[in-house]
Every structure is written in C-alpha cells, then in structure tokens.
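# Secondary and tertiary structure notes
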Amino acid sequence: MPTHKSKIRGRPRVKKRALVNGILQVLVNGVAWRKMAECGCSYVSCFRYLKEVQRRGKLKLIYKMLAKQMTNLENCSIDTTLIPSFEFQALTGWSGKHKQVGTKISLVADEGGLPADCQFGKGSTNDKVFLPDHVRAIKNKKKKVMNLDMGYMNLDFRREMQRIGVRVNMKVRDQDFTRKRGPKFSFDEEKYKARLLLERTNGWIKNFRRLRLRREFHIAMFEAFVFLALIIILIRSG
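This write-up is about the structure you can find in this document. Note that this is a predicted model, so its numbers are computed, not measured.

### Description of the overall build of the protein chain
Per the secondary structure count, the protein chain includes 8 helices and 6 strands. Ordered by position in the sequence, the α and β elements of the protein chain form the string α-α-α-β-β-β-β-α-β-α-β-α-α-α. Each principal axis of the C-alpha distribution contributes one length, and for the protein chain these read about 80 × 35 × 25 Å. Across the 238 residues in the protein chain, those meeting the buried criterion constitute 44%. Look at the contacts in the protein chain between residues 6 or more apart in sequence, and 61% of them connect residues 24 or more apart. Of the side-chain charges in the protein chain, 50 are positive and 21 negative, and the distance between the mean point of each set is 9 Å.

This is the structure:
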C-alpha cells in the first residue's frame, strides 16, 4: 500500500494505519463514510486514500500477488454471485434468476475455496460470458479439473478445455447433450465438492456489510471494496 510523503511545510500527512482502519470500518461494518468512528483521521482522508489506491491499481495488484502465491488450481471451480444494487448506470442489470437489479461477481477458486481470479459484470450477464476471461487470466496456471454447475453447459467450451488437457466436471441434463455413440461425459462427485467451498467464499464476501448492497455509484470504488475483501479472505485463510 502506498505511503504519502509528508510535505516540508504545512500540516503533516495522516498515518497509513489510521487510513486503513477507517476504510476497514466502512467495509466490515457497512457504516457510511460520514459516520465512521474516530480512527485518527477524517472520513474524507480515508475516502481519498482508497480512491487513490484504486486509481493506481494497487489493490488488484496485491490481490493478484496473494492469489498467485496461495492458490493451486489443479482442481478449480467457477461460480458467480449477485450483489443487489441501486439502478446505477454503470455495470448494473436485472437478474431474472434472482429477481433483482445488481452487479455480478464471478470467481475462480481452488480446491480450498480460495479466490484466484475475479471478474465483474451486469446482473443481466449470462454466466457463460465470464468463462473466456477467466481462462485467459489463469492460462499460465496448471489446471486438470474445472468444476461448473449446469448453468455453464456449453459443448464448444467443453471441447476447447479438453483440447488443452482440462476436464470440465459438471452434471449434464438430458436436454443439454445427447450422444448415441462414443463415451459420455463423466462426472466426479468427489471433486465436485470443491465447488461448494466456492459458494462458502461467496458467502464470506457478502458477510462484509458494505458488499451486501452496492451503494457506490462509480464501479471503480465498488471493485476496490471487493478486492479489499478478497485480500482479507486470502490473508485469513493463510
């Protein structure tokens, strides 16, 4: 996290610990910026610091570094969760499945449920749309099994993953695919249990009260809180 340099003249800079404590109050307790408890600095300083850190891309960089060190994607899972939102102009949409307006967060997690990649989209975005971005983001990591639910059913994606040596582990409905000859798609129920841990991680994200409802008009500030929550999840699990 960057540290502001103090000026030669004028009021001294606020300590970084005070700034981070104020930001964590907003993330964990869900309080408004103006209603922060005393942490050694004003809420304006905390807001400006979070905005500057996000502008520099530091939170995403820290998250990527931690995820690279702490995750093993040999048996990975992909799933999305919807964060209900006010109807903002940027990255919100109506989710017919959840009957709400919101923003989707799509995660790739390892066998222990630790998040390795994160993508954002409108609530109306189909979950399949996130798959190419996830594959590009984790292309340099060794993968053997990818656990998906039935909503991701896509025969072309299965064949593409099979071509690069990754087995897609998911249940198949009768109307999705019918094959008269040759082997059928297999389903390993034991490896599929890893996807349940990803659902637990989605629950951890919503346990941060600031992320139960998107209140940030600008998507960059919302992403900043999400990356900060993922960093905390990785540190706690480590």
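### Describing the nonpolar core
With 41 residues, the main nonpolar core has Cys118, Leu211 and Leu230 as its most contacted residues. The set of elements that each furnish at least two residues to this core consists of helix 1 (16-29), helix 2 (43-56), helix 3 (58-70), strand 3 (100-109), strand 4 (115-122), helix 7 (194-207) and helix 8 (219-237). Sorting elements by how many residues they give to this core places helix 8 first, with 13 residues. Here Leu230 is in contact with Tyr63, Leu107, Pro115, Cys118 and Ile205, once residues within four sequence places are set aside.

### Focus: unusual backbone geometry
Residues other than glycine seldom take positive phi values, yet Leu91 does so here, at roughly 60°. With respect to the helices and strands, Leu91 occurs in the loop between strand 1 (75-84) and strand 2 (93-95). On the basis of relative accessibility, which here comes to 25%, the residue Leu91 falls in the partly exposed class.

### Details of the pairing of strand 4
Most of strand 4 is tucked away, with 7 of its 8 residues classed as buried. Here strand 3 runs beside strand 4; their pairing, made up of 7 bridges, is antiparallel. When the sheet's bridge partners are listed, Leu107 is paired in strand 4 with Cys118. Count of turn residues in the strand 3/strand 4 antiparallel hairpin: 5 residues, of which Gly113 carries a positive phi of about 85°.

### Observations concerning the pattern of salt bridges
The tally for this structure, following the rule as stated, stands at 11 salt bridges. Between Asp149 and Arg195 there is a salt bridge; the shortest N-O distance is 3.9 Å. Separated by 46 residues along the polypeptide, Asp149 in the loop between strand 5 (145-147) and helix 5 (155-163) and Arg195 in helix 7 bring together distant segments of the chain. Here the two residues Asp149 and Arg195 agree in accessibility, since each one is buried. Linking Glu199 and Arg195 is a salt bridge whose minimum nitrogen-to-oxygen distance equals 2.7 Å.

Rules of the game
Here the residue index of a chain counts from 1 through its sequence in written order. The predicted origin of the model limits local features to residues at a pLDDT of at least 70 and limits the giving and counting of side-chain atom pairs to 80 or more, whereas totals for whole chains, interfaces and linings rest on all residues. Hydrogens and water are ignored here; the side-chain numbers use all heavy atoms of the structure. Helical segments are the DSSP runs of H or I of at least four residues, strand segments are the runs of E of at least two, and each set is numbered from the N terminus. Categorising residues by exposure relies on relative accessible area from a 1.4 Å probe, with only protein chains included: less than 20% of the type maximum marks a residue as buried, more than 50% marks it as exposed, and the intermediate range marks it as partly exposed. Residue contacts are defined here by distance: any two heavy atoms, one from each residue, within 4.5 Å place the two residues in contact. Counting rule applied: Lys, Arg positive; Asp, Glu negative; His and chain ends not counted. Every charge is mapped onto a representative atom, which is NZ of Lys, CZ of Arg, CG of Asp or CD of Glu. Think of a nonpolar core as a cluster: buried Ala, Val, Leu, Ile, Met, Phe, Trp, Tyr and Cys residues, connected wherever their side-chain atoms sit within 4.5 Å. A pair of strands is treated as paired once DSSP finds two or more bridges between them. The working definition used for a salt bridge is a side-chain nitrogen of Lys or Arg within 4 Å of a carboxyl oxygen of Asp or Glu.

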